[in-house]
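Residue-level listing of the chains:
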Amino acid sequence: MRNIDLTSWQGLLGTLLGLALVTIIGVGIRLLVMSTVQRRRERMNRQINERLRALIAAYKTLGGSFTGDLSVDPRHRRDLRGEDEAGESIDLEKMGSDRARRIRDAVEASLSDIFLLGTEEHVRLAERAARELVAGKPVHTHELVVALRDFIREALDLDPIPEGLQIPMQGPARPSGSGGRDKGDQRGGEGRSGGGGMEAGGGMALGGGIGLGGAMSIGSAEEPPHHV
């Protein structure tokens with residue numbers, strides 16, 4: 001305020017220019033700070049969304065089943081063949097179907113995502129499950145599923161699950177593998193039925209042509225000769 005000079009128009013103009021310059025600098029600094037904070041917040045929101053999306057997908061894979069076999073079979077086909085050569089009993093149903101292999105592959109991918117994006121508790125539980133898989137032991141994922149469920153509900157600001165509920169034990173989701181084959185069989189059946197219709201139509205046309213030609217030949221043979 002001491003440098004404000006209102007005695008002349010030159011002093012007044014200089015004062016106004018100084019105030020405008022200070023105001024512009026202050027507004028620019030504020031906009032720069034706000035832009036930086038906004039970009040950082042958007043980046044954090046994207047990271048949180050990607051993290052939650054990956055953990056939700058892992059939760060659905062590791063805990064998508066409530067009934068049936070809720071453990072992960074770590075054996076490979078080479079292990080089953082080795083058991084067969086050793087003379088031990090093997091599960092032929094599991095050897096003939098690749099459902100166990102697809103479940104194991106999906107669980108391993110989910111564990112890898114948890115190693116990357118999970119909390120310390122999630123990583124510890126996933127590390128124990130991965131070690132059991134490497135050791136060839138059947139793995140239960142229920143404890144890891146519960147930890148993921150609690151973290152996701154808290155991150156989404158949802159109410160905790162009521163204490164009185166008794167949620168059944170959860171295990172890895174069973175993949176559905178017959179949809180594509182059924183569609184292919186259906187398309188093949190439609191193609192075969194269409195081909196049968198074309199063959200029937202061709203046979204009818206051929207039969208009609210032969211019948212018409214034969215009728216014309218018989219009619220011309222029965223006409224009496226004209227006398228001139």
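Note that the coordinates shown come from a computational prediction; the quantities given were computed from them, not determined experimentally.

Parameters at a glance
- Residues numbered from 1 in each chain as written.
- Predicted model: local features only at pLDDT ≥ 70, side-chain atom pairs only at ≥ 80, totals over all residues.
- Heavy atoms only, no water.
- Helix = DSSP H or I, 4+ residues; strand = E, 2+ residues; numbered from the N terminus.
- Buried < 20%, exposed > 50% of the residue type's maximum accessible area, 1.4 Å probe, protein only.
- Polar contact = N/O pair within 3.5 Å; in protein donor to acceptor, adjacent residues only side chain to side chain.
- Contact = heavy atoms within 4.5 Å.
- Core = buried A, V, L, I, M, F, W, Y, C linked by side-chain atoms within 4.5 Å.
- Salt bridge = Lys/Arg side-chain N within 4 Å of Asp/Glu carboxyl O.
- Axes fitted to C-alpha atoms, helices over the stretch in contact; angles between N-to-C directions.
- Left-handed = near helix turned anticlockwise from the far one by under 90°.
- Nonpolar A, V, L, I, M, F, W, Y, C, P; charged D, E, K, R; others polar.
- UniProt positions renumbered as here; feature names shortened; annotations may be inferred.

Comments concerning the side chain of His122
Here His122 shows up in helix H5 (residues 120-134). With relative accessibility at 1%, the residue His122 sits in the buried group. A distance of 3.3 Å separates a polar atom in the side chain of His122 from the backbone oxygen of Ala147. Contacts of His122, omitting those with residues within four sequence positions, involve Ile114, Leu144, Ala147, Leu148 and Phe151.

Structural notes on the nonpolar core
As a rule of thumb, nonpolar side chains are buried together in soluble globular proteins. Ranked by size, the top nonpolar core spans 18 residues in total, and within it Leu62, Val107, Leu111, Ile114, Leu144 and Leu148 carry the most contacts. Those elements that place two or more of their residues in this core are helix H1 (9-62), helix H4 (99-117), H5 and helix H6 (142-155). With five residues, the single largest contributor to this core is H6. In this view, Leu111 contacts Ala126, Ala129, Ala130, Leu133 and Leu144; residues no more than four positions away in its chain are not counted.

Concerning the pattern of salt bridges
A full pass over the atoms with the stated rule returns six salt bridges. The partner of Arg104 in a salt bridge is Asp105, and the shortest N-O contact between them spans 3.7 Å. Look at Arg104 and you get buried, because its relative accessible area is 4%. A single salt-bridge network, built from bridges that share partners, covers Arg101, Arg104 and Asp105.

Examining the packing of H1 against H4
Two elements in contact, H1 and H4, have axes separated by 9 Å at closest approach and are oriented at 145 degrees. Crossing hand, H1 versus H4: left-handed. Listed contacts from H4 to Glu50, Arg51, Ala54, Leu55, Ala58, Thr61 and Leu62 of H1 are Ala106, Val107, Ser110, Ile114 and Leu117. For the contact of H1 with H4, a count of residues per class yields eight nonpolar, two polar and two charged.

What to know about the environment of Asp105
Take Asp105: it is sitting in helix H4. For Asp105 and Pro74, which are 31 residues apart along the polypeptide, the C-alpha to C-alpha distance reads 9.3 Å.

A few points about the UniProt feature "transmembrane region" (unreviewed entry) in the protein
Under the present numbering, the feature "transmembrane region" (unreviewed entry) in UniProt falls on residues 12-33. The span residues 12-33 carries 100% helix and 0% strand; its end-to-end C-alpha distance comes to 32 Å.

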